[in-house]
Amino acid sequence: MAHSSVRQIAADCGVSIATVSRVLNGHTSVAPDTRARVEAAIAARAPAVLVPRRSAIPRTGPVFVRCPYLLSDYFGLIVTAVTETLRLQDRVVHLDAGESSQTRHPLATLAGSAAGAILVLPPEDPAELLALRRRGFPFVVVDPRTRPGPDIASVSAAHVTGARRVTAHLLELGHRRIGVIAGPQEWLAGSDRLAGHHAAMGQAGILSDPALIRLVPPTLEEGFEAAGHLLDLPDRPTAVVCFNDKIAVGALRAAQTRGLAVPQDLSITGFDDIDISRATTPELTTARQPLEEMGRTAVALLSRLMNRDKVEALHMELATELVVRGSTAPPS
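On a predicted model such as this, the values are computed, not experimentally measured, just so you know.

Caption draft 1: Focus on helix α8 (residues 220-231). For α8, with 12 residues, the first-to-last C-alpha span of 16 Å sits near the 16 Å given by 1.5 Å per residue. All buried positions along α8 are accounted for by Leu220, Gly223, Ala226, Ala227, Gly228, Leu230 and Leu231. In this fold, the buried residues of α8 make contact with β6 (178-182), β7 (213-215), β8 (239-242) and α9 (245-257).

Shown next as structure tokens:
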């Protein structure tokens, strides 16, 4: 990076040129808050101007696995696959998990303490991920919250294709008035799954009705409430597409409290195919995400990055599978 650019970053952040240089070269002797401030300033500038030197990342050593959520059936399957695959490679795993971890910002100090990292649905600002990448630190994002930059390695499910196939299944059964309980649209999975629904409806020549769409956090309770609003409409939907299986379980309960039989009166679909989808009556039609394969694929990709091997594709989308069970049927 040009010395003038280093001087400008230092002036912007109120630190010395030497401090900026240490951040660029991955040294650990910088306070975390100072490092984060400098990296944010670096990330805000044009990549063509600010290309940091590759830091001396150890090829051997522990791998940092960050999943700042409760390790339930969804996240637990991913993290288990990641850690077991890493241990087969004789890697030490440093696991940072649990919702309390969301208040910490460990990425700034990773370069000096780990050989690489796997970040599951990271809540960090994209600028932090970009700054980490520019230091030459190898990491892979699993199930990215926002669309990853072109040079950030990621593994996810094919959300658009999976959601399109779920809605197409309902259309093939004869449903036309289809409600949607979508997830947060600031999440990549949320926006992509809603886009997949719209694509299937459009392909069938049907314009999605905004009155039949609800955007909610992905929980059973929110699914129950949102489904209640849809089912209380004067012209209620004959089917409801849900962002995930937990929302779908909430929708099932909302239907039952209104005396609606599933699937005779109402079809309901989920997404993910976690254990809860097979514990309902009826069992849920859903889209199966290859969660364990996502974890194993992330480790394989990270290994290539740590070894400086050639990588054919940094962004990997794994296919989902439509699983048809008892919660869907033709409209009565």
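Caption draft 2: Fine view of the pairing of strand β3 (residues 116-120). The buried count for β3 comes to five of five residues, which makes it a mostly enclosed element. Of the two faces of β3, the one lined by Gly116, Ile118 and Val120 and the one lined by Ala117 and Leu119 are each fully buried. In this sheet, β3 lies alongside strand β1 (residues 63-67) in parallel orientation, the contact comprising four bridges. Within the sheet, the bridge partner assigned to Arg66 lies in β3 and is Leu119. By the bridge criterion, four bridges tie β3 to strand β4 (residues 139-142) in an arrangement that is parallel. Its bridge partner being in β4, Ala117 is matched across the sheet by Phe139. In the classification by handedness, the crossover that spans β3, the intervening helix α5 (residues 126-134) and the parallel β4 is right-handed.

Caption draft 3: Quick peek at the packing of α8 against α9. Two numbers describe how α8 lies on α9: the axes approach to 7 Å, and their chain directions differ by 45°. On the basis of their axis angle, the class for α8 and α9 is oblique. Helix-helix and strand crossings are classified by hand; for α8 and α9 the assignment is right-handed. Here α8 contributes Leu220, Gly223, Phe224, Ala227, Gly228 and Leu231 to the contact with α9, which in turn contributes Lys246, Ile247, Val249, Gly250, Ala251, Arg253, Ala254, Ala255 and Thr257. A class-by-class count of the residues in the contact of α8 with α9 yields nine nonpolar, four polar and two charged.

Caption draft 4: Spatial organisation of unusual backbone geometry. Omega for the bond connecting Val262 with Pro263 falls within 30 degrees of zero, at 10°, which places this linkage in the cis form. Tracing the chain through its elements places Pro263 in the loop between α9 and β9 (267-269). Across the junction of Thr281 and Pro282, the peptide omega takes the value 0°, indicating a cis bond. Structurally, Pro282 is set in the loop between β9 and β10 (286-288). Not every positive phi belongs to a glycine, and Asp90 is a case in point at roughly 60°. With respect to the element layout, Asp90 can be found in the loop between α4 (73-88) and β2 (93-97). Owing to a relative accessible area of 72%, Asp90 belongs among the exposed residues under this scheme. Phi at Leu121 is positive, roughly 40°, even though this residue is not glycine. Following the sequence through the fold, Leu121 ends up in the loop between β3 and α5.

Caption draft 5: Up close: the pairing of β4. Because side chains alternate across β4, one face comprises the buried residues Phe139 and Val141, and the other comprises Val140 and Val142, equally buried. Pairing of β4 with strand β5 (residues 153-157), which is carried by three bridges, proceeds in the parallel orientation. Looking at β5, one finds that Val142 is bridged to Val155.

Caption draft 6: Region of interest: the sheet that holds β3. With parallel pairing, six strands are arranged side by side in an open sheet as β2-β1-β3-β4-β5-β11. With one partner strand each, in any of the chains shown, β2 and β11 (315-318) form the two edges of the open sheet. The average undirected angle you get between the axes of adjacent strands in this sheet is 15°. Note that β5 and β11 share four bridges and pair parallel. Each bridged residue has a counterpart across the sheet, and for Ser154 the counterpart in β11 is His315.

Caption draft 7: Region of the structure containing the environment of Gly61. Tracing the sequence through the fold places Gly61 in the loop between α3 (32-43) and β1. Placed 52 residues apart in sequence, Gly61 and Ser113 show a C-alpha to C-alpha distance of 8.3 Å. Each residue touching Gly61, except ones within four places of it in the same chain, is listed here: Arg91 and Ala115.

Caption draft 8: Highlighting the nonpolar core. Counting 55 residues, the largest nonpolar core has Ile78, Ile118, Val140, Ile181, Cys242, Ile268 and Met294 as the members making the most contacts within it. Looking at which element gives the most residues to this core, the answer is helix α10 (residues 291-306), with eight residues. When sequence neighbours within four positions are dropped, the list of residues in contact with Met294 reads Ile78, Val142, Asp143, Val155, Ser156, Ala157, Gln289 and Leu318. Judged by nonpolar contacts, the second largest core, of 13 residues, contains Leu107, Ala111, Ala117 and Ile152.

Rules behind the numbers
- Residues numbered from 1 in each chain as written.
- Predicted model: local features only at pLDDT ≥ 70, side-chain atom pairs only at ≥ 80, totals over all residues.
- Heavy atoms only, no water.
- Helix = DSSP H or I, 4+ residues; strand = E, 2+ residues; numbered from the N terminus.
- Expected span 1.5 Å × (residues − 1).
- Buried < 20%, exposed > 50% of the residue type's maximum accessible area, 1.4 Å probe, protein only.
- Contact = heavy atoms within 4.5 Å.
- Pairing = 2+ DSSP bridges.
- Right-handed = clockwise from strand over helix to strand, strands pointing away.
- Axes fitted to C-alpha atoms, helices over the stretch in contact; angles between N-to-C directions.
- Parallel < 35°, antiparallel > 145°, perpendicular 65-115°, else oblique.
- Left-handed = near helix turned anticlockwise from the far one by under 90°.
- Nonpolar A, V, L, I, M, F, W, Y, C, P; charged D, E, K, R; others polar.
- Core = buried A, V, L, I, M, F, W, Y, C linked by side-chain atoms within 4.5 Å.

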